[in-house]
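The residues making up each chain are set out below.
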Amino acid sequence: MKNWKLTQQHPIFDRNQTWFHDCHANTQVLLPSGTRLAVFWAGTSEGTPDQAIWLSRCKNGIWYNPVRIKAIYQLPHWNPVLMLVGKRVYLFYKIGLTVQTWYTMVSYSDDEGLTWSESQEAVPGDYTPRASVRNKILQASNGWWIAPTSSENGTAMDSYADISRDGGKTWEIHSIPMRHIPGAPLQPEKLWEGLKKGSLWENDLEIVGAWDGTIQPSMWESKPGHIHALMRSTRGWIYRSDSNDFGLTWSEAYPTVLPNNCCGIDAALGEDGTLAVVYNPVGENWGRRTPLAISFSDNNGESFSRQLILEKDEGEYSYPSIVAEGSQFHILYTWNRRTFIECIVE
């Protein structure tokens with residue numbers, strides 16, 4: 001196993017910025033020109049009427065001030081996802097008053113994110129979470145788009161692959177099976193501080209504690225047709241499922257050795273076959289969002305290296321995005337909902 005090292009770590013804009021109070025749930029993409037785009041939601045707080053989609057641009061290593069690109073006041077905008085196809089950048093994002101009622105919109109840009117097309121429903125007439133709900137869409141070796149997504153109702157959290165065989169014109173759902181169990185009571189002394197302070201869209205501990213399952217998968221293809229998903233869960237561990245038919249059918253979700261606090265994760269496959277996973281190594285449902293770590297696997301996730309810690313102080317360091325670029329991994333993550341930290345590991 002390579003001795004991976006953290007070589008860069010810095011905010012993409014000032015922690016004391018005054019554009020918005022909260023920012024969260026980034027995604028990123030590297031364009032052919034070398035420009036990097038990052039999008040995220042921002043506003044007063046999670047679920048408030050001014051929660052909109054913002055974009056930051058990095059050219060020649062310099063991050064420019066973020067700009068708001070999608071906003072309809074009184075209708076919160078959530079969890080954007082970028083996807084590069086040729087020279088076109090697609091933007092998928094959710095709108096809705098709550099996570100349980102949001103649905104997906106899609107827009108695109110042909111000028112590196114400077115202007116965007118009018119947004120359309122990702123699946124016209126379907127007001128459920130379609131296409132990707134948070135993590136990047138996989139472009140499989142057969143040309144299919146395999147979008148990792150999930151849904152949430154009053155108690156169940158379920159993951160699935162949303163597959164498009166025609167470049168995003170139509171989509172079809174393929175479920176990742178999981179047997180649900182009643183949610184366990186939360187332990188207030190071990191909770192993420194944001195849940196106690198009202199940072200989540202739902203903050204009733206009895207309601208949150210009743211949720212069970214997996215959401216927000218991150219997917220990769222290990223060899224043609226073999227698709228894998230890692231998911232955040234309410235069970236104290238990152239869960240996994242596997243498919244050998246391009247995501248049409250999936251194994252029942254099962255726990256991995258990586259702890260999870262029911263907070264967002266992301267994974268990427270490097271050019272040498274290394275699988276990198278960024279996560280909070282906290283094995284408590286809705287537990288603290290510190291530390292933040294990255295682990296590596298050279299056997300497709302059967303085992304993992306010792307954690308490389310990215311953050312260990314008190315606070316919220318969460319919802320990472322990770323992309324592989326040559327021999328490096330580029331990571332962005334939420335820093336106390338005030339900015340995003342960019343890391344390079346190589």
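Details of the structure are given in the entry above.
Attention in this report is confined to the structure presented alongside it. Worth saying up front: this structure is predicted, and the values here are computed from it rather than measured. (Residues numbered from 1 in each chain as written. Predicted model: local features only at pLDDT ≥ 70, side-chain atom pairs only at ≥ 80, totals over all residues. Heavy atoms only, no water.)

### Let's talk about empty space enclosed by the protein
Over the atoms rolls a probe the size of a water molecule, and its path tells where empty space is left.
Line of reasoning, step 1. Across all of its chains, the model carries two cavities of 30 Å³ or more by this definition.
Line of reasoning, step 2. Approximately 170 Å³ is the volume found for the largest cavity.
Line of reasoning, step 3. Surrounding the largest cavity, 19 residues form its lining, Glu 46, Val 99, Leu 200, Trp 201 and Tyr 319 being those nearest its centre.
Line of reasoning, step 4. Classifying every residue of the lining of the largest cavity by side-chain character gives 11 nonpolar, three polar and five charged.
Line of reasoning, step 5. Looking at the second largest cavity, its volume works out to about 50 Å³.
Line of reasoning, step 6. Along its surface, the second largest cavity is lined by Asn 26, Thr 27, Gln 28, Arg 134, Asn 135, Lys 136, Asp 266, Ser 321, Ile 322 and Val 323. (1 Å grid on protein atoms, 1.4 Å probe; cavity = no way out; pocket = protein on both sides within 12 Å on 5 of 7 lines; lining within 4 Å. Points joined across faces, edges and corners; volume = space filled by probe spheres on them. Nonpolar A, V, L, I, M, F, W, Y, C, P; charged D, E, K, R; others polar.)

### Describing the sheet that holds strand β25 (residues 339-345)
The strands that make up a sheet pair up through hydrogen bonds in the backbone, lying either parallel or antiparallel.
Line of reasoning, step 1. Taken in spatial order, the four strands line up as β1-β25-β24-β23 in an open sheet, and their pairing is antiparallel. Of all strands in the sheet, those bounded by a partner on one side alone are β1 (6-11) and β23 (317-325). Between one strand axis and the next, the sheet turns through 20° on average, direction left out of account.
Line of reasoning, step 2. The pairing of β1 with β25 spans five bridges and is antiparallel. Each bridged residue has a counterpart across the sheet, and for Leu 6 the counterpart in β25 is Val 345. (Pairing = 2+ DSSP bridges. Helix = DSSP H or I, 4+ residues; strand = E, 2+ residues; numbered from the N terminus. Axes fitted to C-alpha atoms, helices over the stretch in contact; angles between N-to-C directions.)

### Quick word on the layout of surface pockets
Line of reasoning, step 1. The calculated volume of the largest pocket comes to roughly 460 Å³.
Line of reasoning, step 2. For the lining of the largest pocket, the secondary structure elements donating two or more residues are β2 (22-30), β7 (77-85), β11 (138-139), β15 (212-223), β19 (266-269) and β23.
Line of reasoning, step 3. Counted by class, the lining of the largest pocket contains 14 nonpolar, two polar and three charged residues.
Line of reasoning, step 4. By volume, the second largest pocket is sized at about 340 Å³.
Line of reasoning, step 5. Considering the residues around the second largest pocket, the lining is formed by 19 residues, among which Trp 192, Glu 193, Gly 194, Lys 197 and Glu 316 are closest to the centre.
Line of reasoning, step 6. When residues of the lining of the second largest pocket are assigned to their parent elements, the largest contribution, four residues, is made by helix α1 (residues 193-197).
Line of reasoning, step 7. Taken together, the residues of the lining of the second largest pocket break down into two nonpolar, seven polar and 10 charged.

Don't take any of this as a statement about function, it's just geometry.
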